Amino acid sequence: VDGVLGGYGSISNIDIVASRKFVTKLLSPSTSSTSDNDDEKKNNDKLIKVCDCGAGIGRISKDLLLELPNVKRCDLVESNMRLLSAAPDFIGGDKAEKCRYYCQSLQDWCPKAQSYDIIWIQWVLIYLTDADIIQL
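Residues numbered from 1 in each chain as written. Predicted model: local features only at pLDDT ≥ 70, side-chain atom pairs only at ≥ 80, totals over all residues. Heavy atoms only, no water.

A. Highlighting the packing of aromatic side chains. This model, assessed by the stated rule, comprises 1 aromatic pair. Relative to Tyr116, the ring of Trp109 has its centre 6.1 Å away and its plane inclined at 35°; by these criteria the two rings are tilted. Since its relative accessible area comes to 16%, Tyr116 is described here as buried. Directly above the ring of Phe90 sits Lys62, whose terminal nitrogen or CZ lies 4.6 Å from the centroid. (Phe/Tyr/Trp six-rings, centres within 6.5 Å; stacked < 30°, edge-to-face > 60°. Buried < 20%, exposed > 50% of the residue type's maximum accessible area, 1.4 Å probe, protein only. Lys NZ or Arg CZ within 6 Å of the ring centre and 35° of its normal.)

B. Seen up close, the pattern of salt bridges. Applying the stated criterion across every chain yields a total of 5 salt bridges. Among the salt bridges present, the one from Lys46 reaches Asp117, with a minimum N-O distance of 2.8 Å. Here Lys46, found in the loop between helix H2 (37-45) and strand S1 (48-53), pairs with Asp117, found in the loop between strand S3 (99-103) and strand S4 (118-121); they are 71 residues apart in sequence, far enough to count as distant. Classification of Lys46 by relative accessible area gives partly exposed; the value is 42%. Residue Lys95 is joined to Glu67 by a salt bridge in which the shortest nitrogen-to-oxygen separation is 2.3 Å. (Salt bridge = Lys/Arg side-chain N within 4 Å of Asp/Glu carboxyl O. Helix = DSSP H or I, 4+ residues; strand = E, 2+ residues; numbered from the N terminus.)

C. Inspection of a nonpolar patch on the surface at higher detail. A cluster of nonpolar side chains, namely Phe22, Leu26 and Leu27, defines an oily patch on the protein surface of about 300 Å² accessible area. Mapped onto the elements of the fold, Phe22 is located in helix H1 (residues 14-27). Using a relative accessible area of 48% as the deciding quantity, one classes Phe22 as partly exposed. (Patch = residues over 30% accessible without salt bridge, like charges linked within 9 Å, V, L, I, M, F, W, Y side chains within 5 Å. Areas by Shrake-Rupley, 256 points an atom, 1.4 Å probe, with all protein chains shown as cover.)

D. Spatial organisation of the environment of Cys103. If you trace the backbone, Cys103 turns up in strand S3. Judged by its relative accessible area of 38%, Cys103 is partly exposed. Not counting residues within four places of it along the chain, the set of residues in contact with Cys103 comprises Glu78, Ser79, Asn80, Met81 and Leu84. (Contact = heavy atoms within 4.5 Å.)

E. Spatial organisation of unusual backbone geometry. In this model, Asn70 sits at a positive phi of 65°, which is unusual for a non-glycine residue. Tracing the backbone through its elements, the reader meets Asn70 in the loop between helix H3 (59-63) and strand S2 (71-78). Residue Asn70 is classed as partly exposed on the basis of its relative accessible area of 30%. In this structure, Gln114 is a non-glycine residue whose phi angle is positive, near 60°. As for its position among the elements, Gln114 is in the loop between S3 and S4. Classification of Gln114 as exposed rests on a relative accessible area of 78%.

F. Seen up close, the side chain of Ser61. Considering the arrangement of structural elements, one finds Ser61 in helix H3. Not counting residues up to four positions away in its chain, the partners in contact with Ser61 are Asp52, Leu66, Cys74, Leu76 and Ile91.

G. Main features of the nonpolar core. Within the largest apolar cluster, 20 residues are counted, with the highest numbers of intra-cluster contacts made by Val50, Leu65, Cys74, Leu76, Ile91 and Ile118. Contributions of two or more residues to this core are made by H1, S1, S2, helix H4 (81-91) and S4. In this view, Leu65 contacts Val50, Cys51, Asp52, Ile60, Val71, Cys74, Ile118 and Trp120; residues no more than four positions away in its chain are not counted. One finds Cys51, Val77, Leu106 and Trp109 within the second-largest nonpolar core, a separate group that totals 8 residues. (Core = buried A, V, L, I, M, F, W, Y, C linked by side-chain atoms within 4.5 Å.)

H. Quick look at the sheet that holds S4. Strand order across the open sheet formed by 4 strands is S3-S2-S1-S4, with parallel pairing between neighbours. The open sheet has two free edges, formed respectively by S3 and S4, since each of these has just one partner strand. Between one strand and the next, the sheet's axes are offset by a mean angle of 15°, whatever the strand orientation. Of the strand pairs in this sheet, S1 and S4 are connected by 4 bridges, and their pairing is parallel. Bridge pairing in S4 links Val50 to Ile118. Set on the sheet, H1 makes contact with S1 and S4; between it and S4 the angle comes to about 155°. Along the sheet, H4 contacts S2 and S3; its crossing angle with S3, the most-contacted strand, is approximately 170°. (Pairing = 2+ DSSP bridges. Axes fitted to C-alpha atoms, helices over the stretch in contact; angles between N-to-C directions.)

Listed below in structure tokens is the structure:
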């Protein structure tokens, strides 16, 4: 399975590099003068749970989300079973062991509140209605 990138098996990693910088900045401890060093260390050691929505074969999960420090679990939500079933092999090894795979449309996906530290939704939003996005 080459993914859903118009037949391309891979694309430039420019988006991964920029996305990694963005997420790393979000996960960085506050630089305010009121923060306590012990609190910062605790935040840096926190195990995080991430979700890749519209995951396809798991390119974002493999190259971005599972590369973040302290990822405990990565859930992949994808409505196409053919793509989702290819994800464990594509992600591979120990990374795939951290993943759970959900074959479900985003319109029907209802995670419990505060289930994730990061929910990544890229490429798939154009296929949802405004009402569906608000319900997420």
